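Chain and residue survey
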Amino acid sequence: MAEINNKPKKKIGFYWIYIVLIAFFIGSIVFSSAGSVKETTMTELTKMLKEQDIEKIELINGKTAEIYLNEQGMRKYFPNDTKQTFGKTPNYTLKVSEDRLYTKVDEAQQGLSNPIEVIPVERTNFWGEIIGWTPLLLIIVFWILIMRRMGNGGSGMGGGQIFSIGKSKAQLYDQEKDNKTTFKDVAGLEEAKEEVMEIVDFLRNPMRYTRLGGKIPKGVLLVGPPGTGKTLLAKSVAGEANVPFFSISGSDFVEMFVGVGASRVRDLFKQAKEKSPCIIFIDEIDAIGRARGKNIMSGGNDERESTLNQLLTEMDGFGTNSGVIVLAATNRADILDKALMRAGRFDRQIYVELPDLNGRREIFEVHMRGLKLGNDVEKEFLAKQTPGFSGADIANVCNEAALIAARKNKDNIEKQDFLDAIDRIVGGLEKKNSVITQSEKKVIAYHEAGHATTSWMLEHAHPLVKVTIVPRGKALGAAWYLPDERQITTKEQMYHEMIATLGGRAAEQIIFGQISTGALNDLEKVSKQAHAMVMYYGLDETIGNVSYYDSTGQQEYSFQKPFSEKTAEKIDAEVSKLIESAYQEALRILNEHKDGLTQLAEKLIDKEVIFSDDLVAIFGERPWKQEERSFKRNETTA
Ligand code: ADP
Ligand code: ZN
């Protein structure tokens, strides 16, 4: 979609400043050369006066005498100097005080028949003044340049930002000119689409609603993780209703200058009202919409607060029928200021979640529309291979697959290209040439086989799809699991996952009798999970049904823990107990299945990649069927 940059085009060239500066210097040089008149002395002057060589004397500003010779004087003092012009410019100057000049001139001409008089002249020295101001001018120029930098956020684009710093940075997508985004481009998200349908209807046909006195929401909050299509959904609402779409990110309001955010909000709404009916989309609204006031630590809050206040004022200010609807996106509705959610503001929330299997298949469908596909590409299969992927990730997979196929000079994109693309996006780019010694490879193989074996043997751990020891990005090896799409996790499930995560290190311990640093990731994950179990989910018996989770997000800023020292010690003890017992369990399982573990690891060393089929061949089918769970989001707790 082509973007129309709606930034005001009021650029002021900064070249004029340089030009003016250069002019100053040239001017000052010209001036000072004009002033390069010979200086004379009082004795000389007295002599000239006595001999009547002088046409006139001007006293400039009471400080400098300018002496013009007459013809006789010219002949005497500049007999063959053609540069000296007679009568037009002074021939001599003399720095002298007013009183002294008058007395001396009178004295020298005593007894002369037609004495000359001193003519006082007031003259402002334009260039001299300017030169005096130059340092200040330079400071101002530098100040403007620095401001410009700041206004740009260092991006170095565009000029004249200081003059438009209070303008909103919103981008305008005009539906008539650009390719429209419509609901066709948004896969899945059925519920969300249904909810926004009403807005579309209102924008298309506002009379129908206002006639009956109905109130249409002014603000709708789209809540969900990044890349799930919130922007896309907002854009498609504008596309369906055929109205202009203003897009801006919450962080665009926040500048280091006080009052800028508020003025940008004002400007945005002013622009929007001119284009009404239209949609304003504010991405990352949490950047300005965090709960106010409770946050003592950081001083930079006032600016954000005033921005937020301005936003609230604007939303309250326009009537329900003004036709401007604000859609805002965030992935943390819980930390937003409650005032934002009040009636008449963002009183509606629409959840945009990561797509499930079905959703992913549809998203593949949307993004495969323009692609030339081989016969072996199955969307169903690909959707199964991409658990946890967001819409943006899937769009990325499709694009990457096309690039991979193109690199291989293929005529169409095949299943393998998609699989390679998925691998690439999961684990970063494959690095076949990174050097790994044979013994390192062995350690990695046993480590990964440890994960695979433990998770295979545990009912509630995620079953494995694929393991590789081909290094990707920073990870030395990787295992892919198929998480069932569950929304509620039981204590047992979490515990089993911890065991499987520790399986890597346990395998190293059993086979090599020593452990390595390669398990950092695993340990981090396990520690976090154990903490969450004890502190947040109330899954630990000693600590009991207490949660120290703070859904308002305020706790991040306070130094104080919400529990006592004694409880802290207990929590630490429980966390280590939990991790230790999971580790012992991993050791037990691996000792029991040491043969299988070894077979698996050897196969890994041999083939570098193994799939679940290989695990079935070694261990036999898992006795548990993977349960298909689908809870509605309202029932989830975490
Ligand atoms: P968000 O605003 O939630 O971070 P975006 O709307 O910017 O996510 O999504 C980024 C890209 O991902 C979109 O441009 C689109 O290509 C793709 N995408 C995300 N969700 C979907 C979806 N449900 N259907 C089709 N494409 C999607
Ligand atoms: Zn590991």
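See the structure above.
Here's what I pulled together on the structure shown here. (Residues numbered from 1 in each chain as written. Chains lettered and ligands numbered in written order. Predicted model: local features only at pLDDT ≥ 70, side-chain atom pairs only at ≥ 80, totals over all residues. Heavy atoms only, no water.)

The next subject is the pairing of strand E8 (residues 278-283). Counting buried residues along E8, five of its six residues qualify, which places the element largely inside the surrounding structure. Sheet topology note: the strand E7 (residues 245-249)/E8 ladder contains five bridges and is parallel. When the bridges of E8 are listed, Ser249 appears paired with Asp283. One ladder, built from five bridges, connects E8 with strand E9 (residues 324-330); its direction is parallel. If you follow Cys278 over to E9, its bridge partner there is Val324. (Buried < 20%, exposed > 50% of the residue type's maximum accessible area, 1.4 Å probe, protein only. Helix = DSSP H or I, 4+ residues; strand = E, 2+ residues; numbered from the N terminus. Pairing = 2+ DSSP bridges.)

Among the surface-exposed residues, Trp133, Leu136, Leu137, Ile139 and Ile140 lie close enough to one another that they form a single nonpolar patch of about 480 Å² accessible area. Structurally, Trp133 can be placed in helix H5 (residues 126-151). (Patch = residues over 30% accessible without salt bridge, like charges linked within 9 Å, V, L, I, M, F, W, Y side chains within 5 Å. Areas by Shrake-Rupley, 256 points an atom, 1.4 Å probe, with all protein chains shown as cover. Salt bridge = Lys/Arg side-chain N within 4 Å of Asp/Glu carboxyl O.)

Turning next to the environment of Cys278. With respect to the helices and strands, Cys278 occurs in strand E8. Remark: the alpha-carbon pair of Cys278 and Phe245, spanning 33 residues in sequence, is separated by 6.0 Å.

Okay, the coordination of the zinc ion (ligand 2) next. The protein atoms that coordinate the zinc ion (ligand 2) are His447 (NE2), His451 (NE2), Asp522 (OD) and Asp522 (OD), at distances of 2.0 to 2.8 Å. One way to put it: the four donor atoms around the zinc ion (ligand 2) meet at angles of 52 to 140°, and that makes the site irregular. All donors of the zinc ion (ligand 2) come from a single chain, and their spacing in sequence reads H-x3-H-x70-D. Of the two residues, His451 is situated in helix H17 (residues 438-457) and Asp522 in helix H19 (residues 520-536); the sequence distance between them amounts to 71 residues. The class for His451 is buried, based on a relative accessible area of 7%. What makes Asp522 buried here is its relative accessible area of 13%. (Donors = N, O, S within 2.8 Å, 3.2 Å for Na, K, Ca; no water. Tetrahedral: all angles 85-135°; square planar, octahedral: opposite > 155°, others 65-115°.)

This paragraph deals with the site of ligand 1. Neighbouring ligand 1 are 16 residues, the closest being Ala187, Gly227, Lys230, Thr231 and His367. Taking 550 Å² as the accessible area of ligand 1 by itself, protein coverage stands at 79%. Every element with two or more residues in the shell around ligand 1 is listed here: helix H9 (230-241), helix H13 (357-368) and helix H15 (391-407). Counting the residues that make up the shell around ligand 1, at least three belong to each of domain 2 (162-291 + 303-351) and domain 3 (357-427). (Near = heavy atom within 4 Å. Domains from an automatic or database assignment.)

Ordered in space as E3-E2-E1-E4, the four strands form an open sheet in which the pairing is mixed. Each having just a single partner strand, strand E3 (92-95) and strand E4 (118-121) make up the two edges of the open sheet. Recorded for the sheet is a direction-independent mean angle of 25° between the axes of neighbouring strands. By the bridge criterion, four bridges tie strand E1 (residues 54-60) to E4 in an arrangement that is parallel. Bridged to Leu59 within E4 is Pro120. Sitting on the sheet, helix H2 (residues 42-51) is in contact with E1, strand E2 (64-69) and E3, with an inclination near 140° to E1. Of the strands in this sheet, E1, E2 and E4 touch helix H4 (residues 98-108), which is tilted by about 160° from E1. (Axes fitted to C-alpha atoms, helices over the stretch in contact; angles between N-to-C directions. Contact = heavy atoms within 4.5 Å.)

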